[in-house]
Structure formats: structure tokens, C-alpha cells
There are 2 protein chains.
Amino acid sequence: MLIGAQTWEFRSKPAIIGAATVVGPEEGEGPLSHTFDFVYDNLEIDEKTWEKAERKLLEHASALALVHAGINREDLSFFIGGDLMNQIITATFAARTIAAPYLGVFGACSTSMESLALAAFLADAGGARYVLAGTASHNCTVEKQFRYPTEYGSQKPATAQYTITGAGCAVVSTEGSGPRITHASIGRIQDLGVKDPFNMGAAMAPAAADTLVSHFRDTGRKPEDYDLIVTGDLASVGHAIVKDLLDKDGVPMDKTDFNDCGLMIYDRDKQPYVNAGGSGCGCSAVVTYGHILRKLKNRELNRVLIVATGALLSPLSYQQGESIPCIAHAVALEQEDNGR
Amino acid sequence: MLIGAQTWEFRSKPAIIGAATVVGPEEGEGPLSHTFDFVYDNLEIDEKTWEKAERKLLEHASALALVHAGINREDLSFFIGGDLMNQIITATFAARTIAAPYLGVFGACSTSMESLALAAFLADAGGARYVLAGTASHNCTVEKQFRYPTEYGSQKPATAQYTITGAGCAVVSTEGSGPRITHASIGRIQDLGVKDPFNMGAAMAPAAADTLVSHFRDTGRKPEDYDLIVTGDLASVGHAIVKDLLDKDGVPMDKTDFNDCGLMIYDRDKQPYVNAGGSGCGCSAVVTYGHILRKLKNRELNRVLIVATGALLSPLSYQQGESIPCIAHAVALEQEDNGR
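The rules behind the values
- Residue positions are counted from 1 within each chain, in the order its sequence is given.
- Chain A is the first chain written and ligand 1 is the first ligand written, with later ones labelled in order.
- With the structure being a predicted model, the display of local features is reserved for residues of pLDDT at least 70 and the display and counting of side-chain atom pairs for 80 or more, all residues being used for whole-chain, interface and lining totals.
- Processing note: side-chain calculations cover all non-hydrogen atoms of the structure and skip hydrogens and water entirely.
- The contact criterion used is simple: two residues touch if any of their non-hydrogen atoms lie within 4.5 Å.
- A 1.4 Å probe defines the accessible area here, and the buried area is the portion of it lost by two parts on being joined, summed over both.
- The term salt bridge refers to a pairing of a side-chain nitrogen on Lys or Arg with a carboxyl oxygen on Asp or Glu at a separation within 4 Å.
- Polar contact is the term for a pair of N or O atoms within 3.5 Å; when the atoms are in protein, one must be able to donate a hydrogen and the other to accept it, and sequence-neighboring residues count only if both atoms are side-chain atoms.
- Helix and strand labels come from DSSP, where a helix needs a run of H or I of at least four residues and a strand needs a run of E of at least two; each type is numbered from the N terminus.
- Gly is put with the polar residues, along with every residue not named as nonpolar or charged; the nonpolar set is Ala, Val, Leu, Ile, Met, Phe, Trp, Tyr, Cys and Pro, and the charged set is Asp, Glu, Lys and Arg.
- Alignment of copies: least-squares fit on C-alpha atoms of residues with pLDDT of at least 70 in both copies.
- In a helix, the anticipated span is given by 1.5 Å times the number of residues less one.
- Whether a residue is buried, partly exposed or exposed follows from its accessible area with a 1.4 Å probe, protein chains only, as a fraction of its type maximum: under 20%, in between, or over 50%, in that order.
- To be clear, the arc concerns the directions from the helix axis to the C-beta atoms.

In the nomenclature of an unreviewed UniProt entry, chain A is known as Stage V sporulation protein AD of Paenibacillus mellifer.

(A) Inspection of the interface of chain A and chain B at higher detail. Listed by partner, the interface residues are 58 residues for chain A and 58 residues for chain B. For the pair chain A and chain B, the summed buried surface comes to about 4,400 Å²; carbon and sulfur atoms form 65% of the total. Taken as a group, Q87, R96 and F106 of chain A account for 14% of the area that chain A buries against chain B, more than any other trio of residues on that side. Summed over the shared surface of chain A and chain B, the number is 6 salt bridges. A salt bridge links R55 of chain B to E322 of chain A; its shortest N-O distance comes to 2.6 Å. For the pair chain A and chain B, the number of links is 26 residue pairs in polar contact (both at pLDDT 80 or more). For the side of chain A that touches chain B, the secondary-structure elements that each account for two or more residues are helix 2 (50-69), helix 3 (89-98), strand 6 (102-104), helix 4 (111-124), helix 5 (139-146), helix 10 (315-319) and strand 15 (326-334) of chain A. A per-element tally of the side of chain A that touches chain B places helix 3 of chain A first, with 5 residues. Residues belonging to the side of chain A that touches chain B are distributed by class as follows: 32 nonpolar, 16 polar and 10 charged.

(B) Spotlight on the relation of the copies chain A and chain B. Rotating chain A by 180 degrees and translating it 0.0 Å along the rotation axis places it on chain B, where the RMSD comes to 0.0 Å. The superposition of one copy onto the other is thereby described by a two-fold rotation axis. In terms of proximity to the rotation axis, the leading residue of chain A is V105 of chain A, whose C-alpha is 2.0 Å off the axis. Here 100% of the interface residues in chain A have copies in chain B that are interface residues too; the copies meet face to matching face.

(C) Quick peek at helix 9 (residues 281-297) of chain B. Between its terminal C-alpha atoms helix 9 of chain B stretches 24 Å, which fits the 24 Å expected from 17 residues at 1.5 Å a residue. With 14 of its 17 residues buried, helix 9 of chain B lies for the most part within the structure.

(D) The arrangement of helix 7 (residues 235-248) of chain A in detail. All names here are of chain A. Along its 14 residues, helix 7 runs 20 Å from first to last C-alpha, staying within 8% of the 20 Å computed at 1.5 Å per residue. Those residues of helix 7 not exposed but buried are A235, G238, H239, V242 and L246. Down the axis of helix 7, the smallest arc covering the buried residues is 100 degrees, so these residues share one side. Of the surrounding secondary structure, the elements contacted by the buried residues of helix 7 are helix 6 (200-219), strand 11 (228-231), strand 12 (257-260), helix 8 (261-264) and strand 13 (278-279). Positive phi shows up at G250, right after helix 7, with a value of about 75 degrees.

Printed below as a string of C-alpha cells:
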């Protein structure tokens, strides 16, 4: 149910009863490597096109998530998915394989939490028994679509982010056990006029700040009520900005562990080609469904807030001189027996 | 709540308390002209690019829908929207103007009913007070993106459909009066291997048939329980096919008025350039929120089922030789005092 202006509180606390993450070789060289279920050793993901590779990642992660949840495809009420590709073909073609009723969503890199929030809402309100939420990104599909042909090998500024190759999926249900989804805050578009697609972090930071402030206002919670708060993929530039913005908004983040999935997924010293850090639909998905779920399951973390950010530009809107509208959706997770 | 495999029954029967339709000059020459709230006299919609034109249509329709609902932007809990553009920039940039918390969705031309179904679910389950659902399409944005530059003036086969220029928006709430939303059936991907983007109707027909059969199975209803059943935009080729498919599935449609928004919006004799009929995200939206809502309000119709269809291809998936995955989402509407 709606509490405050833009937050859902899930009374039944639906569980993530199974999840899975599948990544490419570069993510497999990062510090979270051990938290992923499968690491491909080739960027082609054994496919002939980058688009087929991205689809395979999502199909692989969704199949594993069902195994981990102990259910079959036929048990799914819905698949909610989306991705960065034009007309979200990755999610759609995966939905053809998954064969469940399908709700396509788009929030760029916020798709991970948009899909998880909707899945939790449907399960909590009796609108679904089992819902699969998932998303994926591939470095090379995104590069060729949003920036330049990969063969150009064009150089990038230090503010640029590196789209991660990976897919993350979760099965949500009020039946079964696992980390619980307690709240979701749906974001509003924020656009402060940034036009540089090589500085997404700066464009997205105000959206993350707005959703965080709204979440705390709607729930009455404070930053220190969470053991960990992660933004989606602001990386080094955007994450510094969001801290400043929150300070100015009177919500200092120094009493909790405040991190960013785009900073966590790579070792920027050993992997300097990622520049400011990771991004892409898969970024917050694989960090959440890999690293964070593990920490919640083994009780190293009690309560976590994930604020996935999305830069909702298209190459065409950029070419026509438009700025980059951004959004952020937040989902609060708790370890299973917290307050139950 | 979920009934059967893929249908939501809305116990509170949320109302469409206000809606609006805005179209281009060609739709203004069609037989439903008098049902639209505003008809632009120029295809440019007084803008400098086709994309800005499409966005303006959606912004205009959303503003009018709020006026008709008697609420302000600030009263909106959420805006749920999507469109055919890459990264759904039409809905996103309109969401920046609307300024409400935003859930981006993508179902190609099924977006009209995907957004309406989710809006009704959120309102029914206490997850929103007022939800705006809306979508738009513009003939020239879609032509240049999916087919050829409009300046080519390329010829088309008779099976091709004509993307309508228009936007339709609805405000959904459990508070207030208007036609009621009683059920929604969420579709599964159907793909029978059609690869021809100039024959979308044939590609989409199996999806419409599957969702219709599922809707009748889940609800226990029959075709004759509806005064009117409309498919989204199958046009002449697809609509004939879906009738055949339903006959084979044992669901003959000859006991109800069975039509298609793509056939209703144009006069194909006087407007032969539309070939098989209309299509596009705006097609089922403007026919539903214009023509059908009027008939429900003045009691000419009692109960209507809208089955919006979507062809979920991208130019890239087509170029890579993929077939066209399709989907259909159905929403059942009733006149206000039906069974209350």
C-alpha cells in the first residue's frame, strides 16, 4: 500500500525465494567475482552477435533463478523485465523462452529495482504467486547502440562509465523463504540539464538524492536505519555528487555504509579501463542479487536500501540537443527473520 | 487479485475518472474524428522534429486528462507510460513535464493496455490514489525509426499498416466516477515465426487469440458477455486471422461485435494510404479513450474488452534475421453503474 507520496509498504514482506547472477569475464575479474553464480570466460558469451549474447545472459540467469527458487517456469505468474536495448529486445526475447505472462518495463539502469518493486507489489497484493524480475546488459551492445561502433576503439574521458556484462534475476513470492522486500520508493524524473553522455553519474545523482530524500520522508526512516545503502551506478563522479546533494538536503550519509554498485563491481586500480566505474542495467542487478543477497542471507547485513539509477536518454534525444532525464527507484530489503 | 493463470480481477472496480485524446490531421479525417478532444491541423504538431511532435501529443493529452478528471498534477501518485521510440523517450520526456513518480513500460502497441492494467492494479490494491496511464505514437517518428527515412517515400505492400498520430491518456482511481475497469489479462509472448515488418497483423494475431482464450478461461466469461470486443491494431489482415484462430480454438466470435481499433480509426476507402489499417501505440489508446469511453458513458455499450496487441521487434532484431515476438494485453471495461 501507498505510504507518503511515492512509497509502497509491503505488509506481507514478500521474499526473494531464489535469485541468480551471470556475468562476463571482466566482472569475473572484479572483487565480487565469488558472489556470482556463473562467470563466462568470453565476452561473446559463446554467441554470434552481442545482442544474442546479452539475451543468453538473461536466459541463463532466469533459468538459474528458477532452480534456486525450486520452481518451474510454469509456476511463474509473471516475468517483469527490461533492458537498455531499443525496444527492450533482450527482455522480450528472453520472455519468449521463459513463456510466462510478460510485463515489459523500461527505466534504463533503474530497471533492476523498477522490476523488483513491481514484482513485490504484485505478490504482496495477491496479484501473483511467483514473479520473476530480471534485467541484463552487455558492454558491447550498449557501446555500439549508445556511443560508437566498438571497432572504433574510441577513447573516453575519465568521467565515462563502463557498462557491465551480466544479468540478474530474482523470484519473488509471499510463499517461501529468503530475504524480504519491505518497501519500494518510485522515483520522479530529475533533469538538471546535463547533456554529456560520458558523464552519466553527474546526470543521475540528483535523481538518486531525490528518491533517497523521498524514501526517508515517506517511511520516517533515517539513513542509519540501514546497514548499507547503495546507489545503482553513479560511479565515482556521481557518487561524490549525491553525497553533497544529500548533505545540502539535510540528510548526511555518514552514519551508514553508503556505497555504489558501479564502484563495488570493479577494482578500478586493476581495471583502469572502467574509468569512473560500472554502469548498465545489469550493474545494480548482479551486485544486489549476488553480493547483497548473500550478506543478508548470512546475517552480515540486516537491512539494505538499493537505489537504482537510470539515465533515460536515447542516442536520438542526445543528437537533438536534449538534456538527460534521470530517475531512481529504491527498494528496501531485510534479512529473513528481521522483525518477524 | 489473480484469478486463473494470468488475469487480475479488480474488486473495487477502479474508474477512469478522466481521459483525453489528441490526434493528428489524418486521424481527424477518419470516422472517429468527433470522438477526439483535439485534432491538430498539421502533422508537425507545431514542433521542429517529429520526436518533439510526438512528445507534445502526449503532454497535451495528459494535461487534458487531468482537467477532465478534475485533479492537478500534484494529485497524481504515478504516471505509467511508454511508447515505440527507442528508450521510450516520448513517455520519459513527458514524465519530466508531468513530474509525478514514473513507471516506464514497454509493450509496443500493447502499451496502452499494459499501462491501464497496471494503473488499475495499483489503484485497486491501495498502491496509488490517482494514476495517469498514457501512450502516444506519431506516424513519422515510427516510419523513420522502424522502416525508412520518410523522405524516401518508399512504397509499401497492402499488408502494411499506418502508424497513427495521436496520444491517449486516462486517470484511474477508486475515488470518483466514470467507466469501471473490472479485469485485466496479461499476455504471453507468441511467436509463430513471422519475420515481415510489413505484415505486423499476421505476426500479432496469435498473441491476440492466446490472450482472448486465456481471458475467457480465467474469468469464465464468454464472448457474448461483451457488447464489443476490440483488438488493438491487427488491421484487415490480422483481424481476419485472429477470427480463424479463435474459431479453431473453439471460441467463435460471431455472437458479439468484434472489431479492431486499426480498422475503426480510418476510412480505408477514403484514406487508401493506410493500406491494411492503423497501428501504433496511440491507436488502441485513442479509440479506447475516445470512441469507446463515450459509448460506455452514454450507455450505448455496457461491457467492452480491449485486447491491445504489440509487435516487439526492433530494427536490429529484424536485421539479424529474428522473427517478431508479439504480445497482447486485455482490459475489461464496464459502464459505471453496471452491477454496482
